[in-house]
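The residues making up each chain are set out below.
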Amino acid sequence: MNIGIVCYPTYGGSGVVATELGKALAKMGHKVHFITYSQPTRLDFVNPNLYYHEVTINTYPLFDYPPYELALSGKIVDVVKYEKLDLLHVHYAIPHASAAYMAREILETEGIYIPFITTLHGTDITLVGKDPSYEPVVTFSINKSDGITAVSESLRKETFDHFKITKEIRVIPNFIDLSRFSKQKKDHFKKAICPNDEKLIVHTSNFRKVKRVEDVLTVFKNIRDIMPVKLLLVGDGPERMIIENMCRELGTCDDIRFLGKLEHIEEVLSVSDLFVMPSEKESFGLAALEAMACEVPVISSNTGGLPELNQHGITGFLSNVGDVEDMTKNALFILQDENLPRFKKAALKRAEDFSIDKILPLYENFYEEILVAQKV
Ligand code: GMT
């Protein structure tokens with residue numbers, strides 16, 4: 001198959017899923033064309049089946065806001081025509097679904113029909129998509145998609161609850177490449193961060209409000225009052241300064257390190273004992289899955305798709321959003337030497353359910369279904 005993938009090329013979860021999916025499809029022999037405004041972070045060109053087409057956004061003094069969506073539609077039209085794509089797969093509805101719809105309409109006038117699949121990832125539905133200024137376009141372009149997928153049952157339900165969707169939504173969960181995300185021997189790294197054998201807690205996110213990083217700090221402070229621990233904060237985003245100030249106010253800075261954005265997050269996860277994800281909304285929780293694949297148990301909120309991943313009392317614990325006392329109690333339980341090994345083992349076992357080998361065929365089959373439906 002000759003597939004076009006449209007996504008955000010940044011560190012966000014949807015871009016990671018799209019890139020890893022493209023790489024896996026290329027390994028299976030499909031030709032995969034990424035259409036984005038810069039090169040996706042995790043993309044490499046080891047496989048000759050991978051191509052990258054950059055969306056050029058020319059600006060003009062009249063534009064306070066350069067019309068990215070038009071430039072994207074134009075680029076899609078160009079790539080579909082000249083690379084003879086069979087199918088488009090767009091990740092994150094806004095504005096990718098409406099850009100794909102526009103491109104499909106333009107191409108139809110030239111006798112070309114390019115079906116497009118929209119994958120809903122989370123905030124495109126739960127946060128941004130609900131904004132009244134976007135909602136009509138989001139609803140329209142989702143309904144105009146030839147196929148729709150969502151990354152969890154919870155997101156599928158929320159989409160039907162909040163938008164007038166007239167088509168079926170297929171749930172295809174996030175996945176993990178276990179050959180990359182597996183426990184690695186990084187003892188020297190652990191020794192440097194935890195010289196006195198402290199337990200190591202980790203949080204990774206894009207430091208947006210929705211991630212509730214302040215709860216990570218509160219839970220960490222509570223645990224630190226009882227046992228020796230260190231905290232690694234990975235990622236960057238708008239809340240980072242607030243969080244840095246908060247750790248100063250709490251007096252916990254000596255035991256916390258801000259690592260910024262990391263390319264090889266698995267190296268940090270491999271030496272960690274506990275992952276904390278207290279998000280207000282989380283449609284799946286890819287970062288938690290990456291931690292679990294490195295044998296790290298998870299303390300999370302029970303929002304969105306998290307209960308579909310994190311098994312309460314087995315791979316970690318779920319608490320109500322903002323219930324930092326419950327999260328602290330659960331974390332202290334997991335971190336006991338007699339409990340930790342079984343939680344670690346269970347986390348890895350659960351991650352194996354989301355191995356890319358299991359999930360990739362779900363996408364390939366869906367692509368086939370959509371292409372067959374076009375022909376009848
Ligand atoms: O806010 C983020 O976490 C980034 C966002 C994205 O679209 O880039 O992530 C969403 O998609 C991920 C991949 O499908 C999911 O694992 C995350 O749970 C989801 N984030 C939220 O729902 C907040």
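Predicted model, so just to flag it, every value in this text is computed and none were measured.

J.: Could you clarify how one ought to interpret the packing of aromatic side chains in this entry?
T.: Remark: the centre distance and the inter-plane angle together describe each pair of aromatic rings, the angle taken between the planes. In total, this model carries nine aromatic pairs according to the counting rule given. Pairing F317 with F343 gives two aromatic rings, centres 5.6 Å apart and planes at 45°, and the pair type is tilted. Linking F317 in strand β13 (residues 316-319) with F343 in helix α13 (residues 340-352), this pair joins segments that are 26 residues apart in sequence. For F317, a relative accessible area of 12% translates into the label buried. The buried category is assigned to F343, whose relative accessible area is 0%. Here the aromatic cluster, defined as three or more aromatic residues joined through ring pairs, consists of F317, F333 and F343.

J.: Would you mind going over the domain arrangement of the protein with me for this structure?
T.: It is common to give the size of an interface as the accessible area lost on bringing the parts into contact. One can read the domain layout of the protein as domain 1 (2-175 + 356-375) and domain 2 (178-354). The gap between the C-alpha centroids of domain 1 and domain 2 is 30 Å. Listed by partner, the interface residues are 23 residues for domain 1 and 19 residues for domain 2. For the pair domain 1 and domain 2, the summed buried area comes to about 1600 Å², and 55% of that belongs to carbon and sulfur atoms. Taken together, the links from domain 1 to domain 2 amount to one salt bridge. Between R180 and E20 there is a salt bridge, and its shortest N-O distance comes to 3.7 Å. Linking domain 1 with domain 2 are seven residue pairs in polar contact (both at pLDDT 80 or more). Counting only elements with at least two residues in the side of domain 1 that touches domain 2, the list comes to α1 (13-27), α4 (123-126), α6 (153-162) and α14 (356-375). In terms of residue count, the dominant contributor to the side of domain 1 that touches domain 2 is α1 (four residues). Here the side of domain 1 that touches domain 2 is composed, by residue class, of ten nonpolar, nine polar and four charged.

J.: Got a minute to help me understand the site of the ligand in this structure?
T.: The full set close to the ligand counts 19 residues, and H121, N174, K211, E282 and S283 are the nearest of them. One nitrogen or oxygen atom from the main chain of S283 is found 2.9 Å from an oxygen atom belonging to the ligand. In this structure, an oxygen atom belonging to the ligand sits 3.0 Å away from a main-chain N or O atom of G285. Computed on the free molecule, the ligand has an accessible area of 490 Å², of which 96% lies beneath the protein chains in the complex. Using a 2 Å cut-off from the grid points, one finds that the ligand occupies the largest pocket. Sorting elements by how many residues they give to the shell around the ligand places α1 first, with three residues. Of the residues belonging to the shell around the ligand, the class tally is five nonpolar, ten polar and four charged. Each of domain 1 (2-175 + 356-375) and domain 2 (178-354) contributes no fewer than three residues to the shell around the ligand.

About the criteria used
- Within each chain, residue numbers correspond to sequence positions counted from 1 in written order.
- In keeping with the model being predicted, local features are shown solely for residues with a pLDDT of at least 70 and side-chain atom pairs are shown and tallied solely at 80 or more, while totals for entire chains, interfaces and linings include all residues.
- Side-chain measures were taken over the full set of non-hydrogen atoms in the model, leaving aside hydrogen atoms and water.
- For Phe, Tyr and Trp, rings pair up if their centres lie within 6.5 Å, where Trp contributes its six-membered ring, and each pair is then called stacked (planes under 30 degrees apart), edge-to-face (over 60) or tilted (otherwise).
- Secondary structure counts use DSSP, requiring at least four H or I residues in a row for a helix and at least two E residues in a row for a strand, with both numbered from the N terminus.
- Exposure classes here rest on a 1.4 Å probe applied to the protein chains alone. A residue is buried below 20% of its type maximum, exposed above 50%, and partly exposed in between.
- Residue ranges assigned to the domains are those given by an automatic or database domain assignment.
- Between two residues, a contact is recorded if the distance between any of their heavy atoms is within 4.5 Å.
- The quantity reported as buried area is the accessible area (1.4 Å probe) lost by two parts once they are put together, taken as the sum for both.
- Criterion for a salt bridge: a side-chain nitrogen of Lys or Arg within 4 Å of a carboxyl oxygen of Asp or Glu.
- Counting of polar contacts relies on pairs of N or O atoms within 3.5 Å, with two restrictions inside protein: one atom must be capable of donating a hydrogen and the other of accepting it, and residues adjacent in sequence are counted only when both atoms are side-chain atoms.
- Nonpolar residues are Ala, Val, Leu, Ile, Met, Phe, Trp, Tyr, Cys and Pro. Charged residues are Asp, Glu, Lys and Arg, and all others, Gly as well, are polar.
- Distances are taken per atom, and a residue is near a molecule or strand as soon as one of its heavy atoms is within 4 Å of it.
- Every accessible area reported is derived by Shrake-Rupley at a probe size of 1.4 Å, with residue values counting cover from the shown protein chains alone.
- Here the term cavity refers to a set of points on a 1 Å grid, laid over the protein atoms alone, in which a 1.4 Å probe fits but cannot get out; the term pocket refers to an open set having protein on both sides within 12 Å along at least five of seven lines, with lining residues being those that place an atom within 4 Å of a point.
- A molecule is said to be in a cavity or pocket once over half of its atoms fall within 2 Å of that pocket's grid points.

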